[in-house]
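Chain residues, written in single-letter form:
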Amino acid sequence: MSLTAKVLTGMGLGIVLGLAFNLTGMNAPGTLVNEYVVNGLFHVIGTMFVNLLKMLVVPLVFFSLICGVCGIGDIRMLGRVGSKSFGLYLLTTAMAIATAIIIASVFGIGQGLEMTTETTFAGAEAPPLTQVLIDIIPTNPISAMANGDMLPIIFFSIIAGISVLMVGNKAKSFVEGAEIANEVMMKMVTIVMALAPYAVFVLIARAVANLGLDLLVSLAGYVLVLVGALMFHLFVTLMVVLKVFSGLNPVTFMNKIRNVQVFAFSTASSNATIPVTMRTVTQRFGVNNSVASFTVPFGATINMDGTAIMQGVATVFIANVYGVELGIGGYLTVILMSVLASIGTAGVPGVGLIMLSMVFAQVGLPIEGIGLVLGVDRLMDMIRTAVNVSGDAAVSTIVAKSEGKLDVSVYDDPNAGVLDGDEGIHIDAQAEHDIADLVEATHSR
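Everything numeric here is computed off the predicted structure, so don't read it as measured data. (Residues numbered from 1 in each chain as written. Predicted model: local features only at pLDDT ≥ 70, side-chain atom pairs only at ≥ 80, totals over all residues. Heavy atoms only, no water.)

Quick word on unusual backbone geometry
Note the threshold: Comment: elements are numbered from the N terminus, with helices defined as DSSP H or I runs of at least four residues and strands as E runs of at least two. Per-residue accessibility, obtained with a 1.4 Å probe over protein chains only, is compared with the maximum for each type, and a residue is labelled buried under 20%, exposed over 50%, and partly exposed between these values.
Positive phi values are uncommon outside glycine, yet Ala-268 reaches one of about 55 degrees. Here Ala-268 lies in the loop between α12 (258–267) and α13 (274–284). With relative accessibility at 14%, the residue Ala-268 sits in the buried group.

With respect to the packing of helix α2 (residues 32–72) against helix α7 (residues 172–193)
Between two packed helices, both the angle of their axes relative to each other and the distance between the axes serve to describe the pair. Selection rule: Only the contacting stretch of a helix is used when fitting its axis, a line to C-alpha atoms as for every element, and angles between N-to-C directions run 0 to 180 degrees. When describing relative orientation, an angle under 35 degrees is termed roughly parallel and one over 145 degrees roughly antiparallel, while 65 to 115 degrees is termed roughly perpendicular and anything else oblique. Should the near helix be turned anticlockwise from the far one by less than a right angle, the crossing is left-handed, and should it be turned clockwise, the crossing is right-handed. The contact criterion used is simple: two residues touch if any of their non-hydrogen atoms lie within 4.5 Å. Three classes are used: nonpolar for Ala, Val, Leu, Ile, Met, Phe, Trp, Tyr, Cys and Pro, charged for Asp, Glu, Lys and Arg, and polar for all others, with Gly counted as polar.
In contact at an axis separation of 9 Å, α2 and α7 are set at 150 degrees when each is read in the N-to-C sense. Comparing the axis directions of α2 and α7 gives the class roughly antiparallel. As α2 runs across α7, the sense of the crossing is left-handed. Residue-level contacts link Phe-49, Leu-52, Leu-53, Met-55, Leu-56, Pro-59, Leu-60, Phe-63, Ser-64, Ile-66, Cys-67 and Cys-70 of α2 to Phe-174, Val-175, Ala-178, Glu-179, Ala-181, Asn-182, Met-185, Met-186, Met-188, Val-189 and Val-192 of α7. Here the contact of α2 with α7 is composed, by residue class, of 20 nonpolar, two polar and one charged.

Things to note about the pattern of salt bridges
For clarity, the threshold we go by: Salt bridge, as used here: a side-chain nitrogen of Lys or Arg that lies within 4 Å of a carboxyl oxygen of Asp or Glu.
Applying the stated criterion across every chain yields a total of three salt bridges. Measuring nitrogen to oxygen at the nearest pair gives 2.7 Å for the salt bridge that ties Glu-403 to Lys-84. With a gap of 319 residues between them, Glu-403 in the loop between α18 (377–402) and α19 (408–412) and Lys-84 in helix α3 (residues 75–107) connect regions that are remote in the sequence. With relative accessibility at 14%, the residue Glu-403 sits in the buried group. In this structure Lys-84 comes out as partly exposed when scored by relative accessible area, which is 31%. Where Arg-384 meets Asp-381, a salt bridge forms, and the shortest distance between an N and an O atom there is 3.4 Å. One end of the pair, Arg-384, and the other, Asp-381, are both in helix α18, three residues apart, so they sit about a helical turn from each other. Here Arg-384 falls in the buried class, since its relative accessible area comes to 4%. By sharing partners, the salt bridges in this structure join Arg-80, Lys-84 and Glu-403 into a single network.

Digging into α2
For the record, the criterion: By this rule the span expected of a helix is its residue count minus one, scaled by 1.5 Å. Note on bend: the value at a residue is the angle between axes fitted to the seven residues ending there and to the seven starting there.
When the terminal C-alpha atoms of α2 are compared, their 56 Å separation across 41 residues agrees well with the 60 Å that a helix rising 1.5 Å per residue should span. If you look at α2, its biggest bend is around 40 degrees, right at His-43. In the stretch just after α2, Gly-73 is the one whose phi turns positive, near 75 degrees.

In structure tokens:
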């Protein structure tokens with residue numbers, strides 16, 4: 001069974017077990033299942049797996065970016081890659097929220113609905129854009145790495161890579177060391193991915209067991225429209241953008257991105273999924289590391305397609321619940337604010353709700369209205385993260401194709417970069433063959 005099939009099986013079994021715990025009341029507060037299984041064993045295993053992924057992010061981004069900059073060798077091309085990816089990320093974010101507002105308005109979710117909730121929400125303050133720009137340059141790169149601040153890490157790694165290029169041949173051994181370190185990190189990703197089916201099972205089971213169906217039923221209109229908008233953006237908007245800008249087959253893309261989507265869905269973190277996204281983009285899609293090393297971590301930081309869709313749907317929903325008429329001007333403001341907020345809140349924890357509170361404050365909607373949708377935010381966060389990472393991979397592929405840094409034969413090969421149960425056997429057989437050749441060569445001497 002392939003790794004993808006194992007992961008999907010784990011996710012399916014996790015959903016079934018989580019629903020069983022929830023519907024039978026076995027997961028009620030104070031029960032043994034709740035204390036020792038769902039929020040005990042499952043919590044420990046799931047958190048350990050997410051920490052494993054996060055453990056890989058900083059060294060992988062650092063070494064990969066240095067190798068990428070050195071691999072490009074041309075500072076002007078680095079500028080083109082950066083400007084293209086930045087423009088495409090903002091374009092897809094704007095398209096995402098516009099689509100969400102149109103779909104939510106057509107269905108009129110929240111109209112005539114009187115909801116009561118005990119959940120309150122206090123708007124969190126996002127740092128001003130000026131501070132975000134200042135913080136891009138780290139005063140202490142080691143501290144930035146320790147805290148996992150992606151934009152400062154990206155900046156420092158790019159400057160380090162450019163400096164290595166300027167040193168020239170003297171830095172050859174350093175570059176070789178970085179390439180070896182990058183390869184080691186990718187092997188570590190492969191090891192961690194082998195644990196994925198079991199980790200996905202416990203992560204999904206815990207989320208479903210704790211979420212419950214009652215809340216989903218009460219917010220059915222909001223949930224269905226939001227999921228529909230997310231799926232439309234994933235299967236239609238992003239695939240049209242991929243086809244128009246690169247000419248590549250969207251079906252191939254969707255077939256190969258599934259592993260990344262499942263990882264993103266399980267962890268609800270674009271940053272934690274960076275190692276898996278990086279491996280898939282380079283080894284499954286054929287994107288050169290010189291491009292992927294920049295576009296993937298950059299996209300995980302500022303690309304907010306799924307979050308923007310949530311903001312669009314939530315804005316229409318809350319406006320209808322409170323009877324606030326936003327009008328065309330209000331919705332255009334929401335689109336503009338969401339695009340700007342995706343830059344201004346890059347790398348901030350809880351970014352989705354922070355961005356939403358900023359948008360609500362700008363268009364005059366009550367911030368406490370976020371409390372109405374807060375209960376299902378965990379599940380929605382899992383889905384929108386899967387959409388976010390799909391956008392990261394799509395933009396990486398488009399930019400690589402435009403720069404001649406995409407191996408189309410790898411992209412078109414359905415088996416390229418596949419991780420399955422036979423890979424270990426294949427590697428061992430190859431190693432045995434190489435040893436036999438070495439022994440024979442030694443005897444012949």
